[in-house]
Amino acid sequence: MIELWTRQHVEKVVTPLGRGLVSIRVRPAHLTITGLVVTLIGSGLLANGSVKLGALVILVGSALDGLDGAVARAAGTASARGALIDSVSDRFGETAMFAGCAFWLTTRQSPDEGDPALVVLCVLSLGASLLVSYMRAKADIGRVEGRGGIMGRAERVILFTVGLLLSQETIMLWLLATLTWLTVFQRFYKTWRQLAE
């Protein structure tokens, strides 16, 4: 949703930044891999109980990864292989993010005080996140538009990190699971209708 609504405004900032990074010989793959590594570090910090620091590091990693497309366009090196690496990196990062959160949730308190429902919500949120990406991939195969819906990757990362920074993980996980599953159905319906045309 953010991508569709704010693309023109974001491009005004990201495009010059992409050109600047190209001028110092930064390649898209450098940002993709660096973003993933930073996200993995943030996920590890979260898993070990450094919740706010971990959330901030995850946010930085996701932002770095988000610049790879701008660099590829500025350098004229956008490719199917680059898109594949970016997509796999995004899924890897989200898996680490939710795994780190689930691990933290199981170790932050004694077992008799824990809330297994929150770990289940992590699993449901991750599953829906993967399906949102899968829906777009299936739409691409059918050569129809597969983007859109309430919770794209940017929205998921923002909600995830803000929820942790505000110590509102319960509300955040319920919203994340519910809205991301809604996005799965939105994309399914949109793709289904286009494929019938």
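Here the structure is a predicted model, which means the values were calculated and not measured. (Residues numbered from 1 in each chain as written. Predicted model: local features only at pLDDT ≥ 70, side-chain atom pairs only at ≥ 80, totals over all residues. Heavy atoms only, no water.)

**Description of the nonpolar core**
Rules: By nonpolar core we mean a set of buried residues, namely Ala, Val, Leu, Ile, Met, Phe, Trp, Tyr and Cys, connected to one another through side-chain atoms within 4.5 Å. Think of it in three bands: with a 1.4 Å probe and only protein chains considered, a residue is buried below 20% of the maximum accessible area for its type, exposed above 50%, and partly exposed in between. Secondary structure elements follow DSSP: runs of H or I of four or more residues count as helices, runs of E of two or more count as strands, with numbering from the N terminus.
Core analysis: the biggest nonpolar cluster contains 23 residues, and Leu46, Cys101, Phe160, Leu164 and Leu173 have the highest contact counts within it. Broken down by secondary-structure element, the contributors of at least two residues to this core are helix H3 (51-66), helix H5 (80-107), helix H6 (116-141), helix H7 (153-165) and helix H8 (169-195). The dominant element in this core, judged by the number of residues it contributes, is H5, at six residues.

**A closer look at H8**
Three- or four-residue spacings in an α-helix give side chains the same orientation, since the helix completes a turn every 3.6 residues. For clarity, the threshold we go by: Here, expected helix span is obtained from the residue count minus one, scaled by 1.5 Å. Contacts are assigned to residue pairs with any non-hydrogen atoms lying within 4.5 Å of each other.
Counted at 1.5 Å a residue, the expected span for H8 with its 27 residues is 39 Å, and the 38 Å between its end C-alpha atoms agrees. Here the buried face of H8 lies against H5, H6 and H7.

**Topic: helix H2 (residues 28-47)**
The end-to-end C-alpha separation of H2 is 29 Å, in line with the 28 Å expected for 20 residues at 1.5 Å each. Within H2, the full set of buried residues consists of Pro28, Leu31, Thr32, Gly35, Leu36, Val38, Thr39, Gly42, Ser43, Leu46 and Ala47. Directly beyond the C-terminal end of H2, a positive phi value near 100° is found at Gly49.

**Observations concerning the packing of aromatic side chains**
Note the following rule: Stacked, tilted and edge-to-face are the three classes assigned to paired rings of Phe, Tyr and Trp, where Trp is represented by its six-membered ring and a pair needs centres within 6.5 Å; plane angles under 30 degrees give stacked, over 60 edge-to-face, the rest tilted.
Within this structure, the stated rule accounts for three aromatic pairs. A ring pair is formed by Trp181 and Phe185, whose centres lie 6.4 Å apart and whose planes are at 40°; its orientation type is tilted. One end of the pair, Trp181, and the other, Phe185, are both in helix H8, four residues apart, so they sit about a helical turn from each other. When the centroid spacing of 5.8 Å and the interplanar angle of 25° are considered together, the rings of Phe188 and Trp192 count as stacked.

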